[in-house]
Amino acid sequence: MDFIDLKAQYRALREPINQRIQQVLDHGQYILGPETVELERRLAAYVGAKHCISVASGTEALLIALMALDVGPGDEVITVPFTFVATAEVIALVGATPVFVDVEPDTCNMDVSKLEAAITGDTRAIIPVSLYGQPVDMDEINAIAARHGGITVIEDAAQSFGASYRGHRSGHLSAIGCTSFFPSKPLGCYGDGGAIFTDDDGIARASTEIRVHGQSARYHHTRIGVGGRMDTLQSAILLAKLDRFDWEVQRRIALGARYGEAIRASGAHAALVSVRPDRSSVWAQYTVQVEQRDAVQKTLQQAGIPTAVHYPKPLHQQPAYRELCAPGSFPVSEALAQRVLSLPMSADLSEADQDRVVQALAQATTT
Ligand SMILES: *Cc1c(COP(=O)(O)O)cnc(C)c1O
């Protein structure tokens, strides 16, 4: 059993993927080729955004978004400490200060009741993370940001592409949405890739220039940028995968519900992530909370069940970030880091394998 079964997905899509790749090899426009243009159009339509700017990775999407907003030294950007490091890394990279707000114990997403207390006169942006595939309480976050003025909300939708919230798609829930097409994400390419979504023409233009070295016309550099384009081959692969994506999203939602029912019925001592009734999760990770996590993980490994820990150490406790961030302690994030365990999950996970995982989890947590 694979933790994420990407080989089964490729087997199902071999013909269209190979054909798309061959077309790129034949026309030879390897950077910003026609597939990239087509992909941006299709992704923008999918999330309902006016603009999609494809970029080299999810990290690059977040970085370019902050650069497009001119966030820099002296500015504060609020995010959560319980996330992948890239979310805070980009804040530090532009010279701003990451300010953390703790997460909720049941959704593992930002605890919005603690957000307002973290806002200061220097707050320029908020980057809430839609962790494990479930959108955050975005309406509340947008409302708080609007009340304070001058604060832009950037959704880190790296794990939630395909999820919905109150009738809208993740990636298009705030002024800017950033996602990742890293192979293991809900929509993954065969390398690195990412995208920025926005309805704002100015942010879209700035992001488009920044991803190509701040260039507004060939060799005319109006601002500092990066080398942050997605290559055409990755766009081609994503286009082929998009044709199966609706099925995959439905399948992930069904498998997530099935995991929940089976784990409850099994008597396993494992707490589940709550999904709020006004939204769906695409379960980028199917993560449970258990006591004695490391021992449980080892027992599962011996039973042939691959698992992972997202994430073992909150960012405010990471050596590289301890000094860089505004001080604070975040007890929920710290407790989650000791307890979380992600189980095998992908659209191609079979019910039989899922049952094996649940059985092994029940055994490992009750003996
Ligand atoms: C994966 C991920 C990123 C970074 O995406 P890359 O494409 O790997 O650069 C950022 N934030 C979160 C929450 C992620 O899971």
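Reading the values: rules and limits
Residues numbered from 1 in each chain as written. Predicted model: local features only at pLDDT ≥ 70, side-chain atom pairs only at ≥ 80, totals over all residues. Heavy atoms only, no water. Near = heavy atom within 4 Å. Polar contact = N/O pair within 3.5 Å; in protein donor to acceptor, adjacent residues only side chain to side chain. Areas by Shrake-Rupley, 256 points an atom, 1.4 Å probe, with all protein chains shown as cover. 1 Å grid on protein atoms, 1.4 Å probe; cavity = no way out; pocket = protein on both sides within 12 Å on 5 of 7 lines; lining within 4 Å. Sits in = over half its atoms within 2 Å of the grid points. Helix = DSSP H or I, 4+ residues; strand = E, 2+ residues; numbered from the N terminus. Nonpolar A, V, L, I, M, F, W, Y, C, P; charged D, E, K, R; others polar. Points joined across faces, edges and corners; volume = space filled by probe spheres on them. Pairing = 2+ DSSP bridges. Axes fitted to C-alpha atoms, helices over the stretch in contact; angles between N-to-C directions. Contact = heavy atoms within 4.5 Å.

As for the site of the ligand
Lining the immediate environment of the ligand, one finds 16 residues, of which G58, T59, D156, S180 and K185 sit closest. A distance of 2.8 Å is found between an oxygen atom of the ligand and a side-chain nitrogen or oxygen belonging to Q159. One nitrogen or oxygen atom from the side chain of K185 is found 2.7 Å from an oxygen atom belonging to the ligand. Contact with the protein chains removes 93% of the 380 Å² of surface that the ligand exposes when unbound. Taken atom by atom, the bulk of the ligand overlaps the largest pocket. Where the shell around the ligand is concerned, the elements lending two or more residues are α3 (58–68) and α4 (86–93). Within the shell around the ligand, the residues separate by chemical class into six nonpolar, eight polar and two charged.

Section: the layout of surface pockets
Here the largest pocket defines a volume of roughly 330 Å³. Taken together, 22 residues line the largest pocket, and the ones lying closest to its centre are F84, A158, S180, F182 and K185. Secondary-structure elements contributing two or more residues to the lining of the largest pocket are α3 and α4.

Quick look at the sheet that holds strand β4 (residues 123–126)
Whether parallel or antiparallel, the strands of a sheet pair through hydrogen bonds between backbone atoms. On the basis of which strands lie adjacent, the open sheet formed by seven strands has the order β1-β9-β8-β5-β4-β2-β3 and mixed pairing. The two strands at the open ends of the sheet, each matched to only one other strand, are β1 (51–55) and β3 (97–100). Strand-to-strand twist of the sheet, defined as the mean angle between neighbouring strand axes without regard to direction, takes the value 25 degrees. For strand β2 (residues 76–79) and β3, the ladder comprises four bridges, and the chain directions are parallel. Looking at β3, one finds that I78 is bridged to V99. Lying on the sheet, helix α2 (residues 34–47) is in contact with β1 and β9 (194–198); it crosses β1 at an angle near 130 degrees. Against the sheet, α4 makes contact with β2, β3 and β5 (152–156), and its axis sits at roughly 145 degrees relative to β3, the strand it touches most.

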